[in-house]
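Listed here are the chains, written in short residue letters.
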Amino acid sequence: MPRINPRSLLTLRLGTIILIGFIGARSAPPLMSNLEVLGIIRRSLSSGLSALNLPIEPKGPRQILWAGLGELARGDGERASALLEQGVLEYPDDSMIRVSLGRAYESVGKLGQAVAEWRQARAWNEMILSAERSIQAKRWDDALYALAAAQQALPEEVVSYQARALNGKKSVDTAVSLLRNSLQTMPSSSHREEWLIFLGDYLREQGKFADAVNAYRDATQLPDGRYTWSAYIRLGLSTYLSGEGSGPAIVQVNRGISLAPEKPDGYTAMGDILRKEKRYTEADYWFRLAADRNASDVWIQVRRIENFLDDNQMSAALDIATRATEIFPAEPHPWYELGQIYEREGKIEAAITAAKRSVELDHVGNAGYRVALAGLYEQANQLTQAIDTLRQALLIDEKNGEAHVALGRILYKAGYGAQAADEQLREAIEIDPGNPAPYTELGRVYQGEKKYAEAEIWYKQAVDRSPSDPWPWVMRGENALLANNTSLAIQVLKQATAQFPNFAHSYLFLAQAYRQVGDSDRAVSSIEKAVELSPNGNVWYWVTAGQIYEWAKQSDKALKAYETALTMDPANSEAEKGIERLKR
């Protein structure tokens with residue numbers, strides 16, 4: 001029997017490993033991303049190469065290549081780089097070694113050197129794959145750098161990736177312009193369908209629903225489109241968001257479902273529309289159909305949880321969320337939802353435990369999980385933990401306006417002073433000048449400092465930015481009361497009650513304003529309207545009612561109001577004092 005050359009045996013074994021990796025990649029779902037395919041290959045290489053007894057000092061281009069790939073598969077980019085650098089020095093024309101050296105450089109953050117190696121090997125597709133990895137990791141500038149290097153060789157292939165990276169950088173206008181320009185200058189491109197779908201997505205993100213409808217409709221009309229089914233589903237969602245109603249939207253989504261009944265996307269879209277229509281039972285039916293088609297999609301379960309929360313079915317939401325944490329133990333979002341449920345049930349410590357778990361499991365850097373956890377810490381009066389958590393959120397996303405608003409509010413509450421709060425809240429305004437929240441919080445800060453004129457400026461700006469939100473109106477009225485500007489308080493609060501006739505808090509402060517000017521009839525009618533609208537909502541409605549009745553010489557009503565307050569809060573000292581005064 002002939003002897004087998006050890007080097008030939010090594011080649012055979014490595015070839016088998018690589019073949020297994022590619023077979024696994026070929027068996028992946030057709031829409032799996034390039035990055036996921038590479039993951040399959042890498043896992044096969046990692047497990048297979050670790051079993052090979054490679055020489056300590058590999059000789060020849062293939063041994064050097066295999067040794068470098070082995071170190072890279074094990075996660076040692078520095079060692080892989082050193083081996084492959086030596087390989088390039090010895091075999092400068094070996095493109096496979098250069099490509100692998102580029103991957104090794106990329107793995108240790110040397111993207112410029114990686115691109116230089118890929119350019120030398122004319123491995124343009126490696127730059128696109130690198131960009132996709134960077135997009136997955138939210139390294140938007142790295143992605144754009146790699147794509148710029150590949151653009152001349154692959155002008156059409158880079159467009160969608162560039163748009164994704166620009167969108168990730170919050171440069172949505174630039175992404176939209178890029179896609180529009182590409183559609184115009186490359187009308188025969190085979191990538192036209194995906195460009196139109198991305199364009200629709202970003203226009204929808206901007207709230208330009210009618211323009212999104214046009215983009216998706218153009219995508220549905222392309223011949224032999226691979227994703228016509230998806231374009232129809234997106235068309236339906238945008239049709240609904242543009243205000244055309246659920247009927248026309250459902251027609252379009254159904255077309256998408258008929259083209260790809262095995263895909264969950266259409267069923268989730270149908271559920272999303274019905275949930276917006278407050279048809280919660282029907283929505284859950286469609287979400288369950290989606291889950292039947294893809295039981296491994298955690299976001300379908302998240303939709304079910306949020307649908308039950310909207311329907312105030314806390315028990316059902318809790319059941320789904322608990323099971324989701326068991327089915328998807330490594331996913332952070334079910335834990336986030338569990339925290340939201342516990343918060344609504346008033347179980348703040350349980351909510352904190354769940355929210356902390358969502359942060360622990362978050363490996364992609366979701367600032368929102370940390371903002372939610374900070375809010376729970378704030379409710380538990382654990383302000384130091386809240387501040388630390390918000391600073392972590394801002395390390396992940398320094399442009400997170402919600403985190404800046406929360407940090408400003410909590411810094412002031414924790415005693416850091418108006419200047420520290422002001423700095424954070426002005427940063428939030430710079431990030432999103434249309435958001436009323438930082439203006440409202442600045443009003444609170446300066447109201448707390450008894451600088452009522454400054455507070456009025458900020459509250460008025462909050463009202464201007466969100467005229468349909470009753471809270472800035474009420475807070476502006478309260479501020480005027482504190483400043484003893486009763487005429488302004490009555491003017492603002494009367495506007496609030498006219499615009500929000502079912503918002504109890506407006507009547508509470510209006511009653512106090514009328515009391516300040518000595519109008520007992522209007523004060524009594526206003527406080528009675530407040531408790532009528534929210535008889536069980538706030539103990540201070542009843543305390544204030546007792547005080548106004550007592551002032552208006554309506555002792556029986558005052559006594560009853562104070563007693564009602566004590567049934568809600570037996571330790572309420574103001575109600576106790578009121579009863580004592582009336583019984584003397």
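Here the structure is a predicted model, which is why all the values come from computation and not from measurement.

Looking now at the overall build of the protein. Scanning the protein from N- to C-terminus turns up 33 helices and zero strands. A compact globule built from 584 residues would reach a C-alpha radius of gyration of about 25 Å, whereas the protein, at 31 Å, exceeds it by more than 25%. With the C-alpha coordinates aligned to their principal axes, the bounding extent of the protein is approximately 115 × 50 × 45 Å. Expressed as a percentage of its 584 residues, the buried residues of the protein come to 48%. Long-range contacts, defined here as pairs at least 24 residues apart, represent 49% of the contacts in the protein between residues at least 6 apart. Of the roughly 29,200 Å² that the protein leaves accessible, carbon and sulfur atoms contribute 49%. The average position of the 66 basic charges and that of the 74 acidic charges among the side chains of the protein differ by 2 Å.

Our focus in this paragraph is the confidence of the model for the protein. Averaged over every residue, the pLDDT of the protein is 90; the share at 70 or more is 90%. A low-confidence stretch, residues 1–55 stays under pLDDT 50, and its non-local contacts, those more than four residues away or across chains, total 60 contacts.

Take the packing of helix 21 (residues 367–379) against helix 23 (residues 401–413) next. Put simply, helix 21 and helix 23 touch, their axes get as near as 10 Å, and they point 20° apart. By the angle between their directions, the pair helix 21 and helix 23 is classed as roughly parallel. Considering how the two elements wind past one another, helix 21 and helix 23 form a crossing that is left-handed. Along its contact with helix 21, which presents Val371, Ala374 and Glu378, the element helix 23 presents Glu402, Ala403, Arg409, Ile410 and Lys413. Taken together, the residues of the contact of helix 21 with helix 23 sort by class into four nonpolar, no polar and four charged.

Here we take up the pattern of salt bridges. Evaluated as defined, the whole model comprises 29 salt bridges. Here Asp141 makes a salt bridge to Lys169, at a shortest N to O gap of 2.8 Å. Taken together, the residues Asp141 in helix 8 (residues 140–150) and Lys169 in the loop between helix 9 (158–168) and helix 10 (172–185) connect sequence positions 28 residues apart. Take Lys169: its relative accessible area is 37%, and that puts it in the partly exposed class. The partner of Arg303 in a salt bridge is Asp272, and the shortest N-O contact between them spans 3.0 Å. On the criterion of sequence distance, the pair formed by Arg303 in helix 17 (residues 298–310) and Asp272 in helix 15 (residues 265–276) is long-range, its members being 31 residues apart.

Parameters and conventions
Residues numbered from 1 in each chain as written. Predicted model: local features only at pLDDT ≥ 70, side-chain atom pairs only at ≥ 80, totals over all residues. Heavy atoms only, no water. Helix = DSSP H or I, 4+ residues; strand = E, 2+ residues; numbered from the N terminus. Rg over C-alpha atoms; globule rule 2.2 N^0.38 Å. Buried < 20%, exposed > 50% of the residue type's maximum accessible area, 1.4 Å probe, protein only. Contact = heavy atoms within 4.5 Å. Areas by Shrake-Rupley, 256 points an atom, 1.4 Å probe, with all protein chains shown as cover. Lys, Arg positive; Asp, Glu negative; His and termini not counted. Charge placed at Lys NZ, Arg CZ, Asp CG, Glu CD. pLDDT = per-residue confidence, 0-100. Axes fitted to C-alpha atoms, helices over the stretch in contact; angles between N-to-C directions. Parallel < 35°, antiparallel > 145°, perpendicular 65-115°, else oblique. Left-handed = near helix turned anticlockwise from the far one by under 90°. Nonpolar A, V, L, I, M, F, W, Y, C, P; charged D, E, K, R; others polar. Salt bridge = Lys/Arg side-chain N within 4 Å of Asp/Glu carboxyl O.

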